[in-house]
Amino acid sequence: MKFLKRSFVVMAALLLVAIPAFAQNTGTMTGSVQMDGAPLPGVTVTISSPALQGTRTAYSDVNGNFNFAALPPGTYTVVFEMESMQPVTTTTRVTLGGTARANANMRLSAMAEAITVTAAAPAVLETQEVQANYDAQLIEDLPIGRTVQATVSLAPGVTTNGPGGQTVVGGGYAYDTLYLINGAVTNENVRGQTDNLFIEDAIQETTIITGAVSAEFGRFTGGVVSAITKSGGNEFSGSLRDSFTNPSWTNPSDRGEARRDSELNETYEATLGGRIIRDRLWFFGAGRYFEQSLPGFFQNGGALATPVARPTTVQLDERYEGKLTGQITPRHSLVGSYLDYTVDQTPHCAFGCWDITTMDINGRQLPREMITANYNGIITSNFLIELGYSTRSLAFEGSGGDHLTTNPNDPRDLALGTWAYDLTVAGGAWGAPIFCGICDPETRENDYYQLKGTYYLASQGLGTHNIVAGYENFAESRFSNNYQSGSNFDVYVYGMSPEYEDDGTFRPIISFGDLIQYVPILVLSQGSDFVTESVYINDKWDLNPNWSFNLGARYDVNDGRDSAGTKISDDSAISPRLGITYDIRGDGRFKANASYSTYVSRIQETIGGVGGGGNPAAFGYYYDGPQIGGRGSGLDSFGVLEEMFRWFFSVGGYDNTDNLVFASIPGLNTRFDGSLESPHVDEITLGFGGQIGSRGFIRADLIDREWSDFYSAENRPNDTIEAGTSTLDFVEYRNTNLVEKTYQALQLQGSYRLMDRLNVGANYTLSEAEGNEVGETFGSGPGPATVNSYREYKAFARNNPVGLLPNDQTHKARLWISYDQPVGFLGNVNVSLLQRFDSGTPYSATGNVNVGSFVTNPGYATPPTSQLYYFSDRGEFRTEDVTATDLALNWSLPISVVNLFFQGEVINVFDEQAVVTPSSSVNVINANRFNPFTETPRECPQFTPLSQCTAQGFNWRKADTFGTATGVASYQLPLTYRFSVGLRF
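This report concerns the structure included in the present document. Each chain has its residues counted from 1, running along the sequence as written. Owing to the predicted nature of the model, reporting of local features is limited to residues with pLDDT of at least 70; listing and counting of side-chain atom pairs is limited to 80 or more, with chain, interface and lining totals taken over all residues. Calculation of side-chain values draws on the structure's entire complement of heavy atoms; hydrogens and water are dropped beforehand.

Observations regarding the overall build of the chain
Inference 1: Scanning the chain from N- to C-terminus turns up 8 helices and 64 strands.
Inference 2: For the radius of gyration, the atom set is restricted to C-alpha positions; the globular benchmark scales as 2.2 Å times the number of residues to the power 0.38. Taking 985 residues into account, the globule formula puts the C-alpha radius of gyration at 30 Å, and the chain, at 30 Å, falls close to it.
Inference 3: We call a residue buried when its accessible area falls under 20% of the maximum for its residue type, exposed when it is over 50%, and partly exposed in between, using a 1.4 Å probe and counting protein chains only. Evaluated residue by residue, the chain yields a buried proportion of 56% over its 985 residues.
Inference 4: All accessible areas in this document rest on Shrake-Rupley with a 1.4 Å probe, and a residue is counted as covered only by the protein chains that are shown. Summing over all exposed atoms, the chain offers an accessible surface of approximately 38,000 Å²; the carbon and sulfur share of this is 56%.
Inference 5: Working convention for charge: Lys and Arg count positive, Asp and Glu count negative, and His plus the chain ends are omitted. Charge positions come from single atoms, namely NZ of Lys, CZ of Arg, CG of Asp or CD of Glu. Between the centroid of the 65 positive side chains of the chain and the centroid of its 105 negative side chains there is a distance of 5 Å. Elements are defined by DSSP. Helices are runs of H or I of four residues or more, strands are runs of E of two residues or more, and each kind is numbered from the N terminus.

Right, dumping it as structure tokens:
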């Protein structure tokens, strides 16, 4: 009741006050009226829809054209009327962010009866934008997750090959796609991924734009994803759903693990929408409750035949949404929405755990909130304005360990608050929980304001213009004292993987070459503040029935201040968006187009936030003591760490400059070279599309992209600063074009309704992503290029070669078939099949080689001793191709005004078992005798004993596990069953 009362007050306030809101929640309808092939001006065009409050009317202009802007997505009835003419009626669907077309050929009333037109050109052909749109009904029928992320993965030009399986759009960075839900920017500040600020049954439709993007969109270099939730209506409707999953309903992988224990997990969803006042005020509400038990396993790198189970994590997920749609007058309307989302994870394991001590037993909470509001007003028949506002917030509470060091010189006390991350096999941590759970909670927020105007102009001889101009203000902030641990220490293990006693007791190892990091926060956070102000104009100019042009440009201004209050960006950029379309027959059925566009990113939080406030300094110490731990040592995780700290203090501790291999003090030895500029990408597209009869379409687009102005961290010899007893190299953040990143793609998509009950759709992407810098990680998001960091130590070709990037995927194909079969009084059965094919993704053979022995230090304080070496071409190896057939059975039974439904899904029907994340480990041999600057490395045959490789003078060998699965997660999802039941009305 408290939540409902709060929601009602918020929503009422949104509708009583015209707060600005983001306006990209709508679509556009355009069309032309002719008589005997000639334009017919003055025709009354009236549109109506269950998605529209009341009706709207326009008149065909001097060129016979008409336009309706800012229409809620939905199916519209269009009526054309003129005195002495027979009326024409047609229907068309307006999609989110799309342009629908409705044409009419009028006849004299004495010559014809009333005409009903049933065919309309698909919206995907009406726009130059390379886009795909999926409504809720299709996603409901298909055997696919109903989330925004799952819907996006269905589209051409999209892969899930970013770091940690993140979504990549248009060959860009995983962090640099713009995500919108109800007009709110849902990108999380640090990693740029969309947050789950939605309830699946509430989503109405989703549009994915991968090329030729309008100037209305900015702050991205990948693509744009926009989703909208339902809005209620004059008729009451709603749903109740219970979805069932169970880990035992997933087959074991080829790894041979035992089938997981049965644990039924249920997700409850409910929606309700309707009218408060017919055609004046609608409401919509939704809720979601999910409690899941996750009986995970500890990391073991394949060392144990039977993985050790870890404590079951219980994840509680609660979401509530409220939305009101109101019409003040027939010309002015308001829409407001509120979403509350809370996640509780107890206990919690961050980034994989090797040991029970690393699990955060007290768990963490992640509360979120999102508010959007939107006003649009029809000022004149040719002029419409839209105002907008949205805000989103996220907090991390209790995330990490609960140990704060009381005696920083006590090895045991330090050990209890320190974690170690293993990089030898599959990753994962041991020791204390990662981060600090009793320190200040972290908050991440954004606010977004927009003013937009649409003007429709018609002139005889010069065609018609749909001119959109607007102003945006996007601000994001982050308050974070980013404590990495409870002790201000962490350890990275490079040398030896953990071992196990015969009884499975975990025994970690610290050995020569591992890295001890001291990571104190020297200056507390004031909160970062990154603001992008933008103005844009975009003119869709229809010169005549054959030729149309898109003339657009966007101007973005960045004002970025880091968490210490230091200005790090005062940058501006112009982004042209130019396109041309040729309608081959002048009737909208076959079109060719071309475009040139530039897209500019915003300043990323993790790049701009390198100042001192709240960011940890980093002092890296090379461990060169004896091996600690392992089988027979009797030392647990904290025992190993305690012995490591005893060694650390025995050799000088913090003041040991001999073992100090790098140091970074944000705000002290970091600086910016003037103002940091936003990276951008230049794009050229060529496309062709056409209708197939009255039931289908096909579209093909060529896309070519090249990125520029990359983030870069650089330093130079003899550019140092004294910090106490240490001398540190300056790290300068700037832009560079010494990095390469390109993307080329051919995207095909189409659909065809073979009969009223059978629908077929497909898309295919042929692409190549090349470059020499990944530019992001799963844990930290975007990061700077390091090509100019200690460049003298990297001056060999195999340090940073150009080649295939990890997100490259040559082939991606999706084919779906959906068939409805009425079964009399038993209702309706829908059978849907989804066929997936993803070609393998690239990986490389790399290892660290000694460089310190072959370079004379030109004046660095902490020069590196080793550097990354590509023993293979970048991306030379490929994972296995992934093929899967998914099947869904949907049954609905009408009982009075209620429809009962059941859905069963079988994912990966034939239980394909492709290895998608193989090991890429290599053994570096005779490292101190190999000169990477002058020699070509000799490869020892795989599986040859390392002692033999060493004796024969080889330099490297693929590890015995190279190219093979390292664990259960290395395989694609095996055969899996999912079910849901419920009712709709």
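So that's the structure; there's more coming.
Describing the nonpolar core
Inference 1: Working definition of a nonpolar core: buried Ala, Val, Leu, Ile, Met, Phe, Trp, Tyr and Cys residues. They are joined through side-chain atoms within 4.5 Å. The biggest cluster of nonpolar side chains holds 32 residues, and the ones touching the most others in it are L178, V213, F217, F220 and V224.
Inference 2: Among the secondary structure elements, those contributing two or more residues to this core are strand 14 (178-181), strand 44 (710-714), strand 47 (731-736) and strand 48 (741-755).
Inference 3: Among the elements that take part in this core, strand 44 stands out by supplying 3 residues, more than any other.
Inference 4: The contacts of V224, once residues within four sequence positions are left out, are T177, L178, T207, I208, I209, V213 and F217. Here, residues are in contact when the closest pair of their heavy atoms is within 4.5 Å.

Overview of the sheet that holds strand 63 (residues 956-958)
Inference 1: The strand order 61-63-62 describes an open sheet built from 3 strands, whose pairing is mixed. Looking at which strands have only one partner, the edges of the open sheet turn out to be strand 61 (922-924) and strand 62 (939-940).
Inference 2: Between any two strands, at least two bridges found by DSSP are needed for them to pair. As paired elements, strand 61 and strand 63 share 3 bridges and run antiparallel to each other. Along strand 63, the bridge assignment pairs N923 with R957.

Focus: the state of the cysteines
Inference 1: Count a disulfide wherever a pair of cysteine sulfur atoms falls within 2.5 Å. This model, assessed by the stated rule, comprises 3 disulfides.
Inference 2: Shown here is the disulfide that connects C349 with C353, its sulfur atoms set 2.1 Å apart. Handedness of the C349-C353 disulfide follows from its S-S torsion of about 130 degrees: it is right-handed.
Inference 3: One disulfide in the model links C436 with C439; its S-S distance is 2.1 Å. Across the disulfide from C436 to C439, rotation about the S-S bond amounts to roughly 75 degrees, and the bridge is consequently right-handed. We note that C436, like C439, is buried.
Inference 4: Taken in N- to C-terminal order, the disulfide-linked cysteines of the chain are connected 1-2, 3-4, 5-6.

Some thoughts on the side chain of Q913
Inference 1: Relative to the helices and strands, Q913 resides in the loop between strand 60 (898-907) and strand 61.
Inference 2: In protein, a polar contact requires one atom able to donate a hydrogen and another able to accept it; more generally it is a pair of N or O atoms within 3.5 Å, and residues adjacent in sequence count only if both atoms are side-chain atoms. In this structure the side chain of Q913 is engaged in a polar contact, spanning 2.5 Å, whose partner is the backbone nitrogen of D254.
Inference 3: Engagement of the side chain of Q913 in a polar contact is seen with the side chain of D911, the distance being 3.3 Å.
Inference 4: When near neighbours in sequence (up to four residues on either side) are disregarded, Q913 contacts P252, S253, D254, E880, Y971, Q972 and P974.

Quick notes on the sheet that holds strand 41 (residues 670-672)
Inference 1: Strands sit in the order 41-47-44 across an open sheet of 3 strands; the sheet is mixed. Looking at which strands have only one partner, the edges of the open sheet turn out to be strand 41 and strand 44. Here the strands of the sheet are splayed against their neighbours by 30 degrees on average, with no regard to which way each runs.
Inference 2: Bridge count between strand 44 and strand 47: 5 bridges; the pairing is antiparallel. Following the sheet pairing, E714 is matched in strand 47 by E732. Between N-to-C directions, angles cover 0 to 180 degrees, with each direction set by a line fitted to C-alpha atoms, over the stretch in contact for helices.

So, the side chain of N669
Inference 1: Examined against the element boundaries, N669 turns out to sit in the loop between strand 40 (660-664) and strand 41.
Inference 2: A residue is classified by how much of its surface remains accessible, and N669, at 0% relative accessible area, is buried.
Inference 3: For N669, the side chain forms a polar contact with the main-chain nitrogen of I665, separated by 2.4 Å.
Inference 4: For N669, the side chain forms a polar contact with the main-chain oxygen of D729, separated by 2.9 Å.
Inference 5: Aside from chain neighbours lying at most four places away, what touches N669 is A663, S664, I721, L728, D729, F730 and V731.

Quick notes on the packing of aromatic side chains
Inference 1: The pairing test for Phe, Tyr and Trp rings, Trp by its six-membered ring, is centres within 6.5 Å, and the orientation test on the planes gives stacked under 30 degrees, edge-to-face over 60, and tilted for anything in between. Applying the stated criterion across every chain yields a total of 42 aromatic pairs.
Inference 2: On the basis of an interplanar angle of 65 degrees and a centroid distance of 5.5 Å, the ring pair of F648 and F649 is categorised as edge-to-face.
Inference 3: You can call F648 buried: its relative accessible area is 2%.
Inference 4: We classify F649 as partly exposed; its relative accessible area is 24%.
Inference 5: Taken together through their ring pairs, the aromatic side chains of F489, Y518, F619, Y621, F645, F648, F649 and Y654 make up a single cluster.

Describing unusual backbone geometry
Inference 1: Between T346 and P347 the backbone carries a cis peptide bond, its omega angle lying at -15 degrees.
Inference 2: Position of P347 relative to the elements: it lies in the loop between strand 22 (332-346) and strand 23 (364-380).
Inference 3: Positive phi is not limited to glycine here, since D36 has a value of about 55 degrees.
Inference 4: Of note, S84 is a non-glycine position whose phi angle comes to about 75 degrees, a positive value.
Inference 5: Here S84 is to be found in the loop between strand 6 (74-81) and strand 7 (88-94).

Looking at helix 7 (residues 637-650)
Inference 1: With 14 residues, helix 7 extends 20 Å from end C-alpha to end C-alpha; this agrees with the ideal 20 Å at 1.5 Å per step.
Inference 2: For helix 7, the buried fraction is high: 10 of the 14 residues fall into the buried class.
Inference 3: Within helix 7, burial applies to S637, F638, G639, V640, L641, E642, M644, F645, W647 and F648.
Inference 4: For helix 7, the N-terminal capping position is held by D636, with its side-chain oxygen 3.3 Å away from the main-chain nitrogen of F638.
Inference 5: Immediately beyond the C-terminal end of helix 7, within one or two residues, lies G652, with a positive phi of roughly 115 degrees. Multiplying 1.5 Å by the residue count of a helix minus one yields the expected span of that helix.

What about a nonpolar patch on the surface?
Inference 1: A grouping of L451, Y471, V535, Y555 and I574 is seen on the molecular surface, where their side chains present a nonpolar patch of about 450 Å² in accessible area.
Inference 2: Mapping I574 onto the fold places it in strand 36 (residues 567-583).
Inference 3: Classification of I574 as exposed rests on a relative accessible area of 60%. Within the patch definition used here, like charges are joined within 9 Å and nonpolar side chains (Val, Leu, Ile, Met, Phe, Trp, Tyr) within 5 Å, considering only residues with over 30% relative accessible area and no salt bridge. A side-chain nitrogen of Lys or Arg and a carboxyl oxygen of Asp or Glu constitute a salt bridge if their distance falls within 4 Å.

Let's talk about the environment of S650
Inference 1: Note that S650 resides in helix 7.
Inference 2: On the basis of relative accessibility, which here comes to 57%, the residue S650 falls in the exposed class.

Remarks on the pattern of salt bridges
Inference 1: According to the stated counting rule, one finds 48 salt bridges in the structure shown.
Inference 2: The salt bridge involving R219 is made with E472; its shortest N-O contact spans 3.0 Å. Taken together, the positions of R219 in the loop between strand 16 (203-211) and strand 17 (224-229) and E472 in strand 28 (residues 463-479) put the pair 253 residues apart, joining distant regions of the chain.
Inference 3: On the accessibility criterion, E472 (1% relative accessible area) is buried.
Inference 4: For the salt bridge of R412 with E642, the shortest nitrogen-to-oxygen distance reads 3.5 Å. One end of the pair, R412, is in helix 5 (residues 411-416); the other, E642, is in helix 7, with 230 residues separating them in the sequence.
Inference 5: In this structure R412 comes out as partly exposed when scored by relative accessible area, which is 34%.
Inference 6: E642 sits in the buried class, given a relative accessible area of 14%.
Inference 7: Within the structure, one salt-bridge network assembled from shared partners comprises R671, D673, E714, R716, D719, E732 and R734.

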